[in-house]
Amino acid sequence: MAISLLDGSANLQCGWNLHIKKQHQHAAGLSSLVFKTGFLTDVTRLCAISSAAHGAAFRSVRAPVPKSISAARSARILCLQDNNSNTKYFDFVVVGSGVAGLRYALEVSKHGSVAIITKAEPHESNTNYAQGGVSAVLCPSDSVESHMQDTIVAGAYLCDEETVRVVCTEGPDRVKELIAIGASFDHGHDGKLHLAREGGHSHNRIVHAADMTGREIERALLKAVDDEPNIHLFGHHFAIDLLTSQGNDEIYCHGVDTLNTETQQVVRFIAKVTLLASGGAGHIYPTTTNPLVATGDGVAMARRAQAVISNMEFVQFHPTALADEGLPIKPTNRRDNAFLITEAVRGDGGILYNQSMQRFMPLYDERAELAPRDVVARSIDDQLKKRGEKYVLLDISHKPREQILAHFPNIAAECLRYGLDITSSPIPVVPAAHYMCGGIRAGLQGETNVKGLYVAGEVACTGLHGANRLASNSLLEALVFARRAVQPSIDHMTRSSLGIHASTMWTRPVLPTSLESHTMQEILFRTKTTRVELQSIMWEYVGIVRSTSRLKTAEWKIGELEAEWEEFLFRREWKPMMVGLQACEMKNLFCCAKLVVSSALARQESRGLHYIEDFPFLEESKRKPTIIFPTSLKLTWSSQQAHKLAAGAPR
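Numbering of residues starts from 1 in each chain and follows the order in which that chain's sequence is written. Per-residue local features of the predicted model are confined to residues with pLDDT of at least 70, and side-chain atom pairs are confined, for both listing and counting, to 80 or more; whole-chain, interface and lining totals are unaffected and use all residues. Here the side-chain values reflect all heavy atoms present in the structure, with hydrogen atoms and water set aside.

J.: Explain the environment of valine 273 to me, and be specific about the residues and the numbers.
T.: Where helices and strands are cited, they refer to DSSP runs of H or I of at least four residues and of E of at least two residues respectively, numbered from the N terminus. If you trace the backbone, valine 273 turns up in strand β14 (residues 265–276). Accessibility here uses a 1.4 Å probe with only protein chains present; expressed as a share of the type maximum, an area under 20% marks a residue as buried, one over 50% as exposed, and anything in between as partly exposed. Accessibility expressed as a relative area gives 0% for valine 273, which makes it buried. Sequence-wise, valine 273 and histidine 254 are 19 residues apart; in three dimensions their C-alpha atoms are separated by 6.9 Å.

J.: Can you tell me about the packing of helix α1 (residues 99–108) against helix α12 (residues 473–484), naming the residues and giving the values?
T.: A packed helix pair is summarised by two numbers, namely the angle formed by the two axes and the spacing between the axes. Only the contacting stretch of a helix is used when fitting its axis, a line to C-alpha atoms as for every element, and angles between N-to-C directions run 0 to 180 degrees. Contact pair α1 / α12: the axes reach a minimum separation of 8 Å and the direction vectors enclose 25°. Put simply, α1 runs roughly parallel to α12. When the axes of α1 and α12 are compared, the crossing they make is right-handed. Between α1, through Val99, Ala100, Arg103, Tyr104 and Glu107, and α12, the contact on the second element is made entirely by Leu475, Ala478, Leu479, Ala482 and Arg483. Each angle receives one of four descriptions, namely roughly parallel if under 35 degrees, roughly antiparallel if over 145, roughly perpendicular if within 65 to 115, and oblique otherwise. Should the near helix be turned anticlockwise from the far one by less than a right angle, the crossing is left-handed, and should it be turned clockwise, the crossing is right-handed. Here a residue-residue contact requires only that any non-hydrogen atoms of the pair lie within 4.5 Å.

J.: Which residues make up helix α4 (residues 161–181), and what values do they have?
T.: Across its 21 residues, α4 extends 30 Å between first and last C-alpha, which sits within 8% of the 30 Å expected from 1.5 Å per residue. By definition, a residue's bend is the angle between the axes fitted to the seven residues ending there and the seven starting there. Along α4, the sharpest change in direction is near 40° and occurs at glycine 171; proline proline 172 comes one to four residues later. Those residues of α4 that sit buried are Thr163, Val164, Val166, Val167, Cys168, Gly171, Pro172, Arg174, Val175 and Leu178. At its buried positions, α4 is contacted by β8 (134–135), α3 (144–154), β10 (206–207), α5 (213–226) and α12. Each polar contact in these results corresponds to two N or O atoms within 3.5 Å; when the atoms are within protein, one needs to be able to donate a hydrogen and the other to accept it, and residues that are neighboring in sequence are counted only if both atoms are side-chain atoms. In this structure aspartate 160 caps α4, since a side-chain oxygen of it lies 3.0 Å from the backbone nitrogen of glutamate 162. Of the residues flanking the end of α4, it is glycine 182, one or two places downstream, whose phi is positive at about 135°. Here, expected helix span is obtained from the residue count minus one, scaled by 1.5 Å.

J.: Lay out the nonpolar core with the relevant residues and their values.
T.: Among buried residues, the Ala, Val, Leu, Ile, Met, Phe, Trp, Tyr and Cys ones that are joined through side-chain atoms within 4.5 Å form a nonpolar core. With 73 residues, the main nonpolar core has Leu276 and Met538 as its most contacted residues. Looking at this core element by element, the count peaks at 13 residues for helix α16 (residues 581–602). Judged by nonpolar contacts, the second largest core, of 52 residues, contains Ala136, Ala224, Leu479 and Ile490.

J.: Tell me what's going on with helix α9 (residues 373–387), and back it up with residues and numbers.
T.: With 15 residues, α9 extends 21 Å between its outermost C-alpha atoms, agreeing within 8% with the 21 Å of an ideal straight helix rising 1.5 Å per residue. Within the span of α9, buried status applies to Arg373, Asp374, Val375, Val376, Ala377, Ser379, Ile380, Asp381, Gln383 and Leu384. Where α9 terminates, the next one or two residues include glycine 388, which has phi positive at roughly 65°.

J.: Give a description of the pattern of salt bridges that names residues and reports values.
T.: Opposite charge on two side chains permits them to pair, given that their charged atoms come into close proximity. When a carboxyl oxygen of Asp or Glu is within 4 Å of a side-chain nitrogen of Lys or Arg, the pair counts as a salt bridge. Counted under the stated rule, the structure contains 38 salt bridges. Here arginine 387 makes a salt bridge to glutamate 389, at a shortest N to O gap of 3.0 Å. Among the salt bridges present, the one from arginine 607 reaches glutamate 605, with a minimum N-O distance of 2.7 Å. With respect to class, arginine 607 is no different from glutamate 605; both count as buried. Put simply, Arg103, Glu107, Lys110, Glu170, Arg174, Glu177, Arg483 and Arg484 are held in one network by salt bridges that share partners.

Written as structure tokens, this is what we have:
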């Protein structure tokens, strides 16, 4: 795996072209990768952590290169499908039904047919679980410059300054568009939007709907999508792999293979443009605020499709997830995902105590409970380890009862289910995996190095978050980049030609119908236990506080676990082209876990969310994004696409 800490305009040997921000240079065997650097980074510095990437192992197939055609000839593909309904054709295909995917779909549907592919029910996304809100400069006393500064400070000065400026500048208009679509946010007694404050913010700038903001945004967007006849929503379709080809030293994306988990059929979506908005990878850890669908599918698919990945070491652990073992009445069953206690509780005056009711945050940071998430999470982690306790306490009960219930009705109701009244008692909380600041490397229009593939939301690494995400900047980033990806997507769609027989370029993945039921049960059980083992390794060795020795142990343990799991499957007649929901998720979890570990080993400094005991300080020379290039090194089955280019495909 070729990994570098990258300066802007640095020439790296990688044997392929990367188009970012409309800059492209090429020489024999060299590709100039032109990214924005970290905030105020000196572009003359270059610090390669490993040897530069050599020629990437692309398939030799040469697909037809998209040709420029007139707008008239670029007629909409109105959901054409073949006779057995297992291949569908659209102008745009969107993977994911959170805020980024839905907002993008609403815009591009004005220019062509759109398929939204979602893994479970349409509402089951990270967006739906977002409690806090959307940060935007909507108050006269606030400013774009102040929002930028807060973002950059929280991001440990690794943020892309141009990206930060774009997002903070365009954010207010994106919020107003949401309101116009039908999202309803809280207002104060003066009739104006009620703006909350959260950790790391210097002003009140969080637009919210009580403590259920994501749910309200999802509701409004889904209603708008339902009313749009040009959008077709496919629930319970698991995205297996992107359909890619090579032409003129470029990689092209032509859609995605999916598994209909209700009918157990492989359904192929051919499209001129693909947007990945599939969320994060919280389930590489045992405790996460993410829903079950967050298994890193988008990043893993993009990695297998030769996309560039960046900053995967920066995993944000939310400081305050509800600690079930501290509740008066314990839940009967273990939760699929931890219940989030929003940042806004601390923003509203909540105080953190250890179990001896000693306030501890002022000991760690002068901003106390309003410090950025990485600081608060490490402080809690330190308290738990020093005191041998399982959780700390977050107390908001000193505030008026009516205010608490008005601002946090969902949290109050959930805690009351288990015998805890938050208006009179503190809330037991513990850190949990929450957000991936890294992901698929994207330019200012959400473009990637794979032609026809765009990204938005948590799956993307735009440079906004740097080494740590500022509270409530995630929904904002999703809205801004979903909108910015629209025009280049339309331009690409109108330039592209797509034959009705394009589907025959790839052989199809197959279901394991040839395996005996008892064999499948063995495979499912082994996959389930393997998943638990991987999560345990990640928490034990790649958690909030890291060390080089523990990271190397994790690297070895994960490699061994993956090899043992694959061998177990293949000994039971599982074939490389076979697909199943649990097996595909396991592949993706392995892929993302390895990306996190490799990136963490590459960054030999402590910055933001990445704290490593061997290198406890910031290093100015290492203030650069981590870049993971496609590699020709040994691949495991988990890192290979689940389809093959057909023998008769153009070359």
